[in-house]
Number of protein chains: 2
Amino acid sequence: MFRTAELGKTLPKEDYHKTVEVLRSELLAVQQRLRSAPFPVIIVFGGVDGAGKSETINLLNEWMDPRWLITRAYGAPSDEMAERPEYWRFWRDLPPRGRIGMFLSCWYSRPILDRVHGRASEAEFDEDLERIVAFERDLADDDALIIKFWMHLGKEAQKERLASLEKNPLTRWRVTQTDWDHWHLYDGFIAAAEQVIMRTSTGWAQWNIVEGYDKRYRSVTVGNLLLESILKHLDEVEIRRRLASEIKERREQAATKIVAKPVDGAAPMAEEPAEPAATSGGGNGGVAEQIIRLPRVTILSRLDTTQTVDKKEYGKKLEAAQGTLNQNCRKAKQLGISTILVFEGWDAAGKGGIIRRITGALDARDFQVIPIAAPTDEESAHHYLWRFWRHLSRAGRVTIFDRSWYGRVLVERVEGFAREPEWRRAYSEIRDFEEQLVAHGIVLCKFWIHVTKDEQLRRFEERRDTPYKRWKLTDEDWRNRERWEDYELAVNDMVERTSTRRAPWTLVEGNDKRFSRLKVLSTINDRLSASLEQQEIESVKAMRKQERN
Amino acid sequence: MFRTAELGKTLPKEDYHKTVEVLRSELLAVQQRLRSAPFPVIIVFGGVDGAGKSETINLLNEWMDPRWLITRAYGAPSDEMAERPEYWRFWRDLPPRGRIGMFLSCWYSRPILDRVHGRASEAEFDEDLERIVAFERDLADDDALIIKFWMHLGKEAQKERLASLEKNPLTRWRVTQTDWDHWHLYDGFIAAAEQVIMRTSTGWAQWNIVEGYDKRYRSVTVGNLLLESILKHLDEVEIRRRLASEIKERREQAATKIVAKPVDGAAPMAEEPAEPAATSGGGNGGVAEQIIRLPRVTILSRLDTTQTVDKKEYGKKLEAAQGTLNQNCRKAKQLGISTILVFEGWDAAGKGGIIRRITGALDARDFQVIPIAAPTDEESAHHYLWRFWRHLSRAGRVTIFDRSWYGRVLVERVEGFAREPEWRRAYSEIRDFEEQLVAHGIVLCKFWIHVTKDEQLRRFEERRDTPYKRWKLTDEDWRNRERWEDYELAVNDMVERTSTRRAPWTLVEGNDKRFSRLKVLSTINDRLSASLEQQEIESVKAMRKQERN
């Protein structure tokens with residue numbers, strides 16, 4: 001795989017200077033065009049020691065306008081980083097749309113080194129690569145341009161380089177024992193590199209193997225590839241967006257013909273009894289016309305909303321549950337177990353009241369409530385998951401999301417803020433995101449607070465008629481209510497696609513506020529206790545093992 | 001994940017009949033439109049026992065025109081199948097463009113059962129799912145529509161169903177002990193199913209979870225989804241193709257402006273010394289104009305084509321090598337090790353002569369030479385890898401490809417028969433394909449037979465001037481020769497992207513025919529011997545292990 005990058009390719013000095021003069025002005029021009037482009041550029045450098053990774057990054061910083069350029073290199077994770085899932089720091093550093101980010105020793109570094117040093121098994125290595133592919137796919141789906149350079153140097157060339165640096169008294173200091181240690185691991189490194197390149201060279205994020213032997217050759221190669229990739233991507237994204245809107249338009253036209261959508265329960269609620277009827281379709285490429293209605297049953301319709309708790313019982317149970325929660329959270333903090341609580345639900349379902357019952361039991365230093373409204377400008381300039389990654393707390397804390405990343409498949413879907421392919425792929429993006437949280441040991445509880453449509457109306461009217469509650473009711477609430485059926489379907493799909501054994505949804509019957517508060521608290525307590533118990537078992541195991549050794 | 005499919009959804013009889021009447025005529029109409037569509041439809045059924053998988057398939061066969069419908073269900077693999085990589089049988093059965101194929105218990109079956117019965121580790125299960133994702137992605141990239149139905153039934157509902165079948169004397173025979181055994185594995189099955197659905201619900205091949213409780217409900221749900229998916233896909237493929245040709249057009253326009261392509265060695269060979277010069281680009285969204293030339297060095301230019309073997313030495317060595325080959329192949333046959341030899345190379349490089357030296361050493365029953373020319377109609381109606389999967393031989397045989405799947409990234413790329421995204425993604429498709437061959441224990445040797453441009457000219461002229469050789473020289477040969485530089489670049493990229501440690505390319509210096517024949521024979525012998533040795537070590541190990549037990 002690397003033989004083509006061991007040919008000793010060079011570029012004469014004079015050619016280099018002439019070429020670079022052109023290249024630099026082109027790169028600056030394209031950087032200007034990029035500023036208004038609807039995507040970020042993510043450049044990844046990987047490769048062999050001494051093949052010029054950091055020199056190339058420095059050169060690009062020199063060639064281009066550094067104001068629109070972000071450069072990030074990663075060493076061992078800090079405490080701050082280690083307390084969060086591995087990808088937190090990469091998400092945090094992603095460039096916004098219109099900018100270029102250059103990444104050195106980033107998400108590829110730890111997996112390769114773990115493999116070369118035998119710290120990761122073949123299976124774990126595969127899993128790492130899988131994570132990378134998924135991460136890059138999410139970004140590329142959001143139109144990010146990802147360009148990856150693998151800087152290569154043959155084993156002998158690397159040896160020569162080290163030897164010649166050592167010979168010169170002025171450069172001797174640059175060669176350390178670590179360099180030679182790395183050199184001795186060369187073959188293992190190359191074997192891992194080949195696997196990395198094979199597995200992670202995807203249609204959306206190709207690796208470019210660059211021969212690093214000659215500084216001039218490699219610099220111009222990287223610069224050229226960069227320039228061409230950006231120009232091509234500017235074109236493609238423009239056309240792709242046009243295509244997307246065309247498909248959307250066509251489907252909307254089709255939808256006016258196909259009255260009922262055949263997806264499980266997706267048929268609009270018929271006011272009168274369903275009456276199938278149709279005119280035959282087919283013909284000149286037109287969309288078939290049909291009227292097919294399926295009875296609409298969602299998971300929400302099966303909830304028993306008549307459950308109640310009387311006031312006296314509630315008082316006692318609430319106190320007990322809050323006490324338990326407080327203890328659980330203290331223990332969790334000691335053990336470094338973080339908790340993330342997600343609240344979604346109908347308007348006026350009582351999310352706020354529930355959250356106050358939780359925070360009331362906690363120390364103000366240990367929790368954070370994140371209300372999620374429309375994204376800020378800065379947030380809109382990133383992948384929609386970026387703002388949630390940002391808010392992940394350090395180990396041991398409780399983070400409460402009042403509305404969350406599920407907005408993508410609820411309000412953004414129903415109101416058309418996200419295009420269909422966007423919210424459709426969000427299900428797997430969210431599963432993947434949550435999987436990383438859970439794998440990091442975070443306790444994740446997701447609650448949908450449900451009230452019936454009648455109960456919501458009662459509460460709306462109460463808010464309207466009670467002066468001190470009036471501020472809570474907005475026109476938007478009434479508008480959302482009109483789309484109740486669409487939201488109900490979206491909730492059903494959301495539960496179907498994102499309620500997994502490791503990150504289940506809890507559907508909470510909320511017509512009785514007391515009932516719903518207790519249900520939420522006891523669910524959190526159960527999950528936390530189970531996790532604490534698990535943690536204790538594991539530390540006992542670890543202790544025993546240590547004793548044996 | 002399955003809670004939304006345990007709601008007991010039903011469809012009243014009368015509604016059902018009215019709906020089906022419409023649905024059937026729509027399905028028939030869409031089937032007619034499909035016949036001229038540039039893609040196949042692949043429908044996969046998975047799910048719980050008793051949720052109506054096979055009943056639904058039968059029903060669809062009844063509703064639609066069976067002439068354009070293929071149905072496949074898989075049991076335990078036959079001898080024929082077991083001797084080939086697992087996916088051989090699935091590739092073989094794929095529907096051509098314009099047809100619908102329905103698959104039951106197919107590529108999902110073995111992985112899930114292995115996991116549920118504890119025969120596969122978590123890591124192996126992951127690998128299986130990975131393989132599925134890659135397989136479906138390859139098909140979807142080729143525009144195939146993949147629709148997957150997961151038929152679900154709750155644990156209790158399944159129990160009720162079995163019990164009620166047992167109660168009725170007329171249906172009692174349908175319930176066997178195996179059914180109850182499966183029922184006891186329900187929880188494990190559901191856990192595996194959830195992983196399957198999460199991992200393999202991709203943008204290009206979504207799972208649809210269908211509640212199987214009520215026959216009428218599930219049939220209409222499946223039929224509706226099928227209809228809608230096909231209509232949508234017909235639209236999308238049309239628009240997508242338009243997009244592709246628009247991008248191509250734009251890039252061609254851009255290419256006339258950008259004289260040199262900046263990819264590694266991709267710059268057209270300059271007859272005069274490279275002379276960088278440029279006019280500044282940028283501006284109103286136009287493509288930057290630039291002239292940047294990099295010195296062109298490909299891996300072929302580094303081969304030592306002066307190596308020769310004298311006639312006497314050749315005779316002796318050839319005989320010895322053929323003898324060894326014969327012995328190696330006999331042993332390989334006994335052990336069931338298959339060999340695949342791939343030959344690519346310049347016109348008149350001597351591929352035919354080399355192949356004859358190989359087949360001359362083998363028993364005619366044990367090998368097969370597959371000359372690859374332009375695809376037949378039937379072949380064109382499938383994914384381009386389909387015809388190579390077809391030709392995989394049974395265990396222990398030698399299959400020789402005279403030209404191969406690499407045509408995709410050589411002639412099809414250079415001549416523009418494949419669009420750029422097609423040949424670009426072919427590299428990873430090919431790596432994946434070959435990985436399956438190697439993982440199955442097949443010995444795979446790939447040879448590029450190289451001659452210099454001068455030597456080719458000499459041979460062409462000799463062919464032209466020798467009456468009995470004249471038939472070997474065609475106009476196409478001369479045309480190909482004119483595009484030598486493009487082919488050389490394609491070969492360089494091919495080696496870079498598909499020469500892996502498990503499936504390396506051997507570049508053969510072919511100016512001296514004797515030299516090249518011996519090099520090929522000894523390479524094959526080395527690879528075969530290594531594989532035989534490995535196999536022997538493993539069988540000794542297995543024997544020892546058996547003795548110990």
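Residues numbered from 1 in each chain as written. Chains lettered and ligands numbered in written order. Predicted model: local features only at pLDDT ≥ 70, side-chain atom pairs only at ≥ 80, totals over all residues. Heavy atoms only, no water.

1. Some remarks on the overall build of chain A
Going by this rule: Where helices and strands are cited, they refer to DSSP runs of H or I of at least four residues and of E of at least two residues respectively, numbered from the N terminus. For every residue, the accessible area (1.4 Å probe, protein chains only) is compared with the maximum for its type, and the residue is labelled buried under 20%, exposed over 50%, or partly exposed between those bounds. Lys and Arg are tallied as positive, Asp and Glu as negative. Neither His nor the chain termini are counted. Just so you know, the charge point we use is NZ for Lys, CZ for Arg, CG for Asp and CD for Glu.
Scanning chain A from terminus to terminus reveals 20 helices and 10 strands. Each principal axis of the C-alpha distribution contributes one length, and for chain A these read about 85 × 75 × 40 Å. Within the span of chain A, comprising 549 residues, buried residues form 54% of the whole. A gap of 3 Å separates the mean positions of the 89 positive and 88 negative side-chain charges of chain A.

2. Considerations on the sheet that holds strand β5 (residues 207-211) of chain B
Residues and elements named next belong to chain B. Under the convention used in this document: Paired strands, in this sense, are two strands between which DSSP finds at least two bridges. Fitted lines through C-alpha atoms give the axes, limited to the stretch in contact for helices. The angle between two N-to-C directions lies from 0 to 180 degrees. Contact definition: two residues touch when any of their heavy atoms are within 4.5 Å.
Reading across from one edge, β2-β3-β1-β4-β5 is the order of the 5 strands in this open sheet, with parallel pairing throughout. Here the strands that pair on one side only, and so sit at the sheet edges, are β2 (69-73) and β5. With direction set aside, neighbouring strand axes in the sheet form an average angle of 20 degrees. Pairing analysis gives 5 bridges linking strand β4 (residues 145-152) to β5, with the strands arranged parallel. Across the sheet, M151 pairs through a bridge with V210, a residue of β5. Where helix α9 (residues 186-200) meets the sheet, its contacts fall on β1 (41-47), β4 and β5, and the angle it forms with β4 comes to roughly 155 degrees.

3. Comments concerning the environment of S164(A)
Mapped onto the elements, S164(A) comes out in helix α7 (residues 155-167). Placed 11 residues apart in sequence, S164(A) and V175(A) show a C-alpha to C-alpha distance of 9.8 Å.

4. Notes on the sheet that holds strand β9 (residues 443-450) of chain A
All names here are of chain A. The 5 strands lie next to each other as β7-β8-β6-β9-β10, forming an open sheet whose pairing is parallel. Each end of this open sheet is capped by a strand with a single partner; those strands are β7 (367-371) and β10 (505-509). Going across the sheet, the axis of each strand differs from the next one's by a mean of 20 degrees, ignoring polarity. Relative to strand β8 (residues 398-402), β7 is paired through 5 bridges, and the arrangement is parallel. Each residue of the ladder has a partner; that of Q368, found in β8, is T399.

5. Considerations on the packing of α7(A) against helix α8 (residues 177-184) of chain A
Residues and elements named next belong to chain A. The following threshold applies: We call two directions roughly parallel when the angle between them is under 35 degrees, roughly antiparallel when it is over 145, roughly perpendicular when it lies between 65 and 115, and oblique otherwise. The hand of a helix crossing depends on one turn: near helix anticlockwise from the far one by less than a right angle means left-handed, and clockwise means right-handed. Residues are sorted three ways: Asp, Glu, Lys and Arg are charged, Ala, Val, Leu, Ile, Met, Phe, Trp, Tyr, Cys and Pro are nonpolar, and all the rest, Gly among them, are polar.
Viewed as axis vectors pointing N to C, α7 and α8 meet at an angle of 165 degrees, and their least axial separation amounts to 11 Å. The angle between the axes of α7 and α8 places the two elements in the roughly antiparallel class. In this structure, α7 crosses over α8, and the sense of that crossing is left-handed. Along its contact with α7, which presents K155, Q158, K159, L162, A163 and E166, the element α8 presents D179, W180 and W183. Class assignment of the residues belonging to the contact of α7 with α8 gives a composition of 4 nonpolar, 1 polar and 4 charged.

6. Considering the pairing of β10(A)
All names here are of chain A. In terms of burial, β10 is a largely internal element, 5 of the 5 residues being buried. Side chains W505, L507 and E509 of β10 all project onto a buried face; the interleaved residues T506 and V508 project onto the opposite face, where all are buried too. Here β9 pairs with β10 via 5 bridges, running parallel. Bridged to I449 within β10 is V508.

7. Things to note about helix α19 (residues 484-498) of chain A
Under the convention used in this document: In this analysis, the expected span of each helix is defined as 1.5 Å times one less than the number of residues it contains.
In this model, α19(A) (15 residues) spans 21 Å end to end at C-alpha, consistent with the 21 Å of a helix rising 1.5 Å per residue. Most of α19(A) sits out of view: 13 of its 15 residues are buried.

8. Points about the side chain of N511(A)
You can see N511(A) is positioned in the loop between β10 and α20 (513-548). Dropping the residues within four chain positions of it, N511(A) is found in contact with T305(A), H450(A), V451(A), T452(A), E455(A) and R459(A).

9. Examining the environment of P375(A)
Residue and element names in this part refer to chain A. Along the chain, the position of P375 falls in the loop between β7 and α13 (377-380). What makes P375 partly exposed here is its relative accessible area of 40%. Aside from chain neighbours lying at most four places away, what touches P375 is S380 and R387.

10. Comments concerning the pattern of salt bridges
Residue and element names in this part refer to chain A. Put simply, the rule is: Think of a salt bridge as a Lys or Arg side-chain nitrogen and an Asp or Glu carboxyl oxygen that are within 4 Å of each other.
By the definition in use, this model includes 95 salt bridges over all chains. Across the pair E86 and R110 runs a salt bridge, and its minimum N-O distance is 2.9 Å. A residue pair is termed long-range when its members are at least 10 positions apart, and E86 in the loop between α3 (79-82) and α4 (88-93) and R110 in helix α5 (residues 109-116) qualify at 24 residues. Here D187 ties to K155 by a salt bridge, and the two come within 3.1 Å at their closest N and O atoms.

11. Some words on helix α16 (residues 420-439) of chain A
Residue and element names in this part refer to chain A. Note the threshold: Given a residue, its bend is the angle between the two axes fitted to the seven residues that end at it and to the seven that start from it.
Along its 20 residues, α16 runs 29 Å from first to last C-alpha, staying within 8% of the 28 Å computed at 1.5 Å per residue. By the largest-angle criterion, A426 marks the main kink of α16, which is about 35 degrees. Within two residues after α16, G441 carries a phi angle of roughly 95 degrees, on the positive side.

12. Some remarks on the environment of L521(A)
Residue and element names in this part refer to chain A. Here L521 lies in helix α20. Here L521 falls in the buried class, since its relative accessible area comes to 1%. In the structure, L521 is positioned 39 residues away from E482 in sequence and 31 Å away in space, judged by C-alpha atoms. The residues contacting L521, other than those within four sequence positions of it, are L318, A321, Q322, L325, R357 and I358.

13. Here's the deal with the side chain of E194(B)
Keep this limit in mind: Polar contact is defined as a pair of N or O atoms within 3.5 Å, subject to the rule that within protein one atom must be able to donate a hydrogen and the other to accept it, and that residues adjacent in sequence are counted only when both atoms are side-chain atoms.
Among the structural elements, E194(B) can be located in helix α9. Summary of buried charges: E194(B) has no salt-bridge partner, and the nearest side chain of opposite charge, R501(A), is 4.6 Å away. Side-chain polar atoms of E194(B) contact the backbone nitrogen of R501(A), separated by 2.8 Å.

14. Some details on unusual backbone geometry
Phi at D143(A) takes a positive value of approximately 80 degrees, unusual for a residue other than glycine. On the basis of relative accessibility, which here comes to 6%, the residue D143(A) falls in the buried class. You will see that R403(B), though not glycine, has its phi angle at about 70 degrees, which is positive. Here R403(B) is to be found in the loop between β8 (398-402) and α15 (411-414). We classify R403(B) as partly exposed; its relative accessible area is 27%.

15. Digging into the confidence of the model for chain A
If pLDDT is low for a region, its predicted coordinates should not be looked at in detail. Residue and element names in this part refer to chain A. To be explicit about the condition: You can read pLDDT as the predictor saying how much it trusts each residue, on a scale of 0 to 100.
Overall, the predicted model of chain A reaches an average pLDDT of 88, with 93% of residues at or above 70. Confidence drops under pLDDT 50 across residues 259-291; counting only partners more than four residues distant or on other chains, this segment forms 73 contacts. Overall fold confidence (pTM) sits at 0.82, and the ipTM for the predicted complex is 0.76.

16. Here's the deal with the packing of aromatic side chains
Heads up, the rule is: In this analysis, rings of Phe, Tyr and Trp, with Trp reduced to its six-membered ring, are considered paired at centre separations within 6.5 Å, and the interplanar angle assigns stacked below 30 degrees, edge-to-face beyond 60, and tilted for intermediate values. Definition used: whenever NZ (Lys) or CZ (Arg) falls within 6 Å of the ring centre and also within 35 degrees of the ring normal, the charge is taken to sit over that ring.
A complete count under the given rule lists 51 aromatic pairs over all chains for this structure. With 5.0 Å between their ring centres and 85 degrees between their planes, W107(A) and F135(A) make a pair best called edge-to-face. Of this pair, W107(A) sits in the loop between β3 (100-104) and α5 while F135(A) sits in helix α6 (residues 122-141), and the two are 28 residues apart along the sequence. Exposure class is identical for W107(A) and F135(A). Each is buried. Between F343(B) and F447(B), the ring centres sit 5.2 Å apart and the planes meet at 15 degrees, which makes this aromatic pair stacked. In this pair, F343(B) sits in strand β6 (residues 339-345) while F447(B) sits in strand β9 (residues 443-450), placing the two residues 104 residues apart along the sequence. One exposure class covers both F343(B) and F447(B), and it is buried. The cationic tip of R92(B) hangs over the ring face of W88(B); the distance from NZ or CZ to the ring centre is 4.6 Å.

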